[in-house]
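Results of the structural survey
As a plain string of letters, each chain reads:
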Amino acid sequence: MPGFEVFGEEEKKEIMEVLDTGVLFRYEFGEQRRGVYKVRTFEEKFAAYCGVKYGQAVTSGTAALKVALAALGVGVGDEVITQGFTFVATWEAILDVGAIPVFAEIDETLNMDPADLEKKITDRTRAIIPVHMMGAPARIEEIVAIADRHNIPVIEDTAQAAGAVLNGRRLGSFGACGTFSFDAVKTMTTGEGGMVVTNDQTLWRNMSEYHDHGHDHAVNPGGRGGEGRSFVGFNFRMMELQGAMGLAQLAKLDGMIASQRKNKAAMKEAVNQLPGVTFRTILDEAGDSATFLAFLLPDAAKTRKVNEVLAANGAGAVYFAVNTWHYYPKWEHLLGGKTLAHNGWPFADPGSKRKVVYDPQALPKSAAIMDRTLVYQVPVKLSAERLAQIRDALAKAAAAI
Ligand SMILES: *Cc1c(COP(=O)(O)O)cnc(C)c1O
């Protein structure tokens, strides 16, 4: 996921244009900025790239989820369904608006299992957040169809899949809105930053105003207008230096993805040496952003053995089953309902007991998949030496099982 691998003159030029104006704020300073609106231009270009009408830049991918949930009216007492394999940010945002995260199983796409999603919908479900983990699509068409039947909006957490395509459409453009992260390790990066894209003008305007303290943006869509306020908001504004970085990185996104696809194919061929190996289900190989290569061994013991040998030979893979940031049974702060709030919020309503208890065994289907899954991150730049090292390590692992 490494936009930092390709920093160059383009990023420097964009940033210098901002410094030359002296304006770091995305709004106002009309004369001083001499027509330079980096964040606004980035929003327009990113939305167009995704094939949608509107983009709302924010300070992070986590903020993008929070702003989307707030603008959709999600709050205390509501349930939001996501999946048990994702980065903690997805459910942090749900808790932060006071709602309760409900976790669905994953299938071999390593993303949300639509059948389990449908079972978990209740009359309190107010949003569904499928995540396009590791660069490739969830079964988003099926998920949106289920959500539509129940009249529930879908927020696509596309933090890890900028630029990926399913059946000719960009991920992030299927649901009510799609959220993106441009943090330091994502495919395209602004250091910290995020975006929500949508075709819904009302939703966009609510996001725009909410992320800017509730300032009235209706008079001047995309900018600040009058002095009125329709509701309370917060500050999740992106600054001009990040917008400048975003423009330079967006221009490189397709090139990065093309390199990753080439490197992933070479790595996949090397992984194929493992007896009994299978690969994660990718719904649209041609649209894969190819940020990660995920492969499955026949059982958990073999998976651990393979990774031991890989690690001993300088090519260890990520074993998400033991990773504490991305997998439900390992989120001890969630399972334990740990919060700084003296009254237990958001796990408890003030004055009452825990609203929800999370059982670490609640997702057996996900566990059966995660226990057998190993993952390599695919770099933009892969040297012949590194590829040879990975290939040799895999040959040794193949001989060991
Ligand atoms: C990175 C990430 C986020 C959060 O993005 P930040 O910009 O780091 O806040 C959200 N969801 C997923 C799936 C991510 O990988």
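Residues numbered from 1 in each chain as written. Predicted model: local features only at pLDDT ≥ 70, side-chain atom pairs only at ≥ 80, totals over all residues. Heavy atoms only, no water.

Concerning the domain arrangement of the protein chain
Domain boundaries in the protein chain define domain 1 (3-252) and domain 2 (253-400). The distance between the C-alpha centroids of domain 1 and domain 2 comes to 24 Å. Taken together, the 51 residues of domain 1 in the interface contact 47 residues of domain 2. Both faces considered, domain 1 and domain 2 share a buried interface measuring about 4,000 Å² in area, 62% of it formed by carbon and sulfur atoms. Connecting domain 1 to domain 2 are two salt bridges. Between Asp 113 and Lys 365 there is a salt bridge whose closest N-O contact spans 2.9 Å. For the interface between domain 1 and domain 2, the tally reads 26 residue pairs in polar contact (both at pLDDT 80 or more). Contributing elements (two or more residues each) for the side of domain 1 that touches domain 2: α4 (89-96), β3 (100-104), β6 (165-166) and α8 (240-271). Within the side of domain 1 that touches domain 2, the residues separate by chemical class into 27 nonpolar, 14 polar and ten charged. (Domains from an automatic or database assignment. Contact = heavy atoms within 4.5 Å. Buried area = accessible area lost by both parts, 1.4 Å probe. Salt bridge = Lys/Arg side-chain N within 4 Å of Asp/Glu carboxyl O. Polar contact = N/O pair within 3.5 Å; in protein donor to acceptor, adjacent residues only side chain to side chain. Helix = DSSP H or I, 4+ residues; strand = E, 2+ residues; numbered from the N terminus. Nonpolar A, V, L, I, M, F, W, Y, C, P; charged D, E, K, R; others polar.)

Structural notes on the sheet that holds β3
Spatially, three strands are ordered β3-β2-β4 in an open sheet, and the strand pairing comes out parallel. The open sheet has two free edges, formed respectively by β3 and β4 (125-128), since each of these has just one partner strand. Across the sheet, the axes of successive neighbouring strands diverge by a mean angle of 35°, strand direction being ignored. Where strand β2 (residues 79-83) and β4 come together, three bridges link them in parallel fashion. (Pairing = 2+ DSSP bridges. Axes fitted to C-alpha atoms, helices over the stretch in contact; angles between N-to-C directions.)

Brief notes about the packing of aromatic side chains
Considering all chains together, one arrives at 19 aromatic pairs under this definition. Both rings, one in Phe 42 and one in Phe 46, keep their centres 6.0 Å apart while their planes meet at 65°; by these two values the pair is edge-to-face. Residue Phe 42 and its partner Phe 46 are located together in helix α2 (residues 38-50), separated by four residues, close to a single helical turn. As far as the burial class goes, Phe 42 and Phe 46 line up, both buried. For Arg 169, the ring lying beneath its charged end belongs to Phe 174, and the centroid distance is 4.3 Å. (Phe/Tyr/Trp six-rings, centres within 6.5 Å; stacked < 30°, edge-to-face > 60°. Buried < 20%, exposed > 50% of the residue type's maximum accessible area, 1.4 Å probe, protein only. Lys NZ or Arg CZ within 6 Å of the ring centre and 35° of its normal.)

Notes on the sheet that holds strand β10 (residues 278-279)
The strand order β10-β11-β12 describes an open sheet built from three strands, whose pairing is antiparallel. The sheet is open, and its two borders are formed by β10 and β12 (373-377), each paired with just one other strand. The pairing of β10 with strand β11 (residues 292-296) spans two bridges and is classified as antiparallel. Counted as the bridge partner of Phe 279 is Phe 295 from β11.

Remarks on the pairing of strand β9 (residues 194-198)
When you tally the buried positions in β9, you get five out of five residues, the bulk of the element. Alignment of strand β1 (residues 54-58) against β9, held across five bridges, turns out to be antiparallel. Bridged to Ala 57 within β9 is Met 195. Pairing between strand β8 (residues 177-181) and β9: four bridges, direction antiparallel. Directly across from Thr 179, in β9, lies its bridge partner Val 196.

Digging into the environment of Leu 117
Position of Leu 117 relative to the elements: it lies in helix α5 (residues 114-120). Sequence-wise, Leu 117 and Ala 47 are 70 residues apart; in three dimensions their C-alpha atoms are separated by 28 Å.

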